[in-house]
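Structural characterization, general
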Amino acid sequence: MDERTLRTLEFAKIKEMLAERTATSLGREVVESLMPATDFLEVQHRQAETSEARRLYLGGHAIPLGGLHDLRPHVGRAVRGGMLEPGDLLDVADTAASSRRLKRFLEEQEDVPILAALSRMLGTFSHLEAEIRQAVDEHGEVRDDASPALAEIRRSMRVLQNRMKERLESFVRGPAAKYLQDPIVTIREGRFVVPVKIEYRAQVPGIVHDQSASGS
């Protein structure tokens, strides 16, 4: 179909209206690549497919598309031997769960043979999904019990952190308290620190991790 005909049909405007209603960035890409079919059978098939989706929509069925992510960057990194971050793995688990829900939803519907056929192309990865959930929490953090070794390392870290904090709290309550702005222990960039008065910075050994606008 030539460009003049597409302009006359305002095809670009139709695609933009459709793109605004897509649920994912992948869906928007598909819409942006759409071109009118010229084969009669293909046109019939597309219309029938659209009619099935329309029936679901008008029937009040909420098609479960939540949780889908564009995994292409993650897959590409993994193929090249790169390491995925916990948040990347959570994207994989969320997308696997979304695929599983969508597949089951379409299989349960009646009178939508084309969409049902598409659902059979969707994979289910329940084992992978479960393994990721077991290792990564909903905030994208690796769980303490992801492995016995990690659980032991984190237990040891908590013990050491508590010991360090106890020593610092003893420090701020002792004779050195006169050198401090306040007798408190706080955190800067993941490190326990104490607020030292600017005039005493030379009397308190250690590393300056941060300072206020006044130099304190």
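I will try to describe carefully the structure that is included in this document. (Residues numbered from 1 in each chain as written. Predicted model: local features only at pLDDT ≥ 70, side-chain atom pairs only at ≥ 80, totals over all residues. Heavy atoms only, no water.)

Quick notes on the packing of helix H6 (residues 86–108) against helix H8 (residues 126–135)
Axis separation between H6 and H8 bottoms out at 9 Å; the angle between their running directions is 140 degrees. What the angle tells us is that H6 and H8 run oblique. Helix-helix and strand crossings are classified by hand; for H6 and H8 the assignment is left-handed. Residues Leu 89, Leu 90, Val 92, Ala 93, Asp 94, Ala 96, Ala 97 and Arg 100 of H6 form the contact with H8, whose own contacting residues are Ser 126, Leu 128, Glu 129, Ile 132 and Arg 133. Among the residues forming the contact of H6 with H8, the class breakdown is eight nonpolar, one polar and four charged. (Axes fitted to C-alpha atoms, helices over the stretch in contact; angles between N-to-C directions. Helix = DSSP H or I, 4+ residues; strand = E, 2+ residues; numbered from the N terminus. Parallel < 35°, antiparallel > 145°, perpendicular 65-115°, else oblique. Left-handed = near helix turned anticlockwise from the far one by under 90°. Contact = heavy atoms within 4.5 Å. Nonpolar A, V, L, I, M, F, W, Y, C, P; charged D, E, K, R; others polar.)

Considerations on a nonpolar patch on the surface
A cluster of nonpolar side chains, contributed by Ile 63, Leu 65 and Leu 68, occupies part of the molecular surface with about 200 Å² of accessible area. Checked against the element boundaries, Leu 68 lands in the loop between helix H4 (40–58) and helix H5 (72–79). By relative accessible area, Leu 68 is classed as partly exposed at 32%. (Patch = residues over 30% accessible without salt bridge, like charges linked within 9 Å, V, L, I, M, F, W, Y side chains within 5 Å. Areas by Shrake-Rupley, 256 points an atom, 1.4 Å probe, with all protein chains shown as cover. Salt bridge = Lys/Arg side-chain N within 4 Å of Asp/Glu carboxyl O. Buried < 20%, exposed > 50% of the residue type's maximum accessible area, 1.4 Å probe, protein only.)

Description of the pattern of salt bridges
Tallied over the full model, the rule gives 16 salt bridges. The salt bridge involving Glu 29 is made with Arg 72; its shortest N-O contact spans 2.7 Å. Here the residue Glu 29 occupies a position in helix H3 (residues 25–32), and Arg 72 occupies one in helix H5, the gap between them amounting to 43 residues. With relative accessibility at 38%, the residue Glu 29 sits in the partly exposed group.

Structural notes on unusual backbone geometry
Leaving glycine aside, a negative phi is the common case for residues, and trans is the common case for peptide bonds. We note that Glu 10 has phi near 55 degrees; this positive angle belongs to a residue other than glycine. Mapped onto the fold, Glu 10 is located in the loop between helix H1 (3–8) and helix H2 (11–19).

Quick word on the side chain of Lys 15
Its location among the elements puts Lys 15 in helix H2. Here Lys 15 sits buried without a salt bridge, and the closest side chain of opposite charge, Glu 32, lies 7.8 Å off (N-O distance). Setting aside residues up to four positions removed in sequence, Lys 15 forms contacts with Val 31, Glu 32 and Leu 34. (Lys, Arg positive; Asp, Glu negative; His and termini not counted.)

Examining the packing of H2 against H3
Look at H2 against H3: their axes get within 9 Å of each other, and the N-to-C directions meet at 170 degrees. Taken as axis vectors, H2 and H3 run roughly antiparallel relative to one another. Counted together, Lys 15, Glu 16, Leu 18 and Ala 19 of H2 and Arg 28, Val 31 and Glu 32 of H3 form the full contact between these two elements. Of the residues belonging to the contact of H2 with H3, the class tally is three nonpolar, no polar and four charged.

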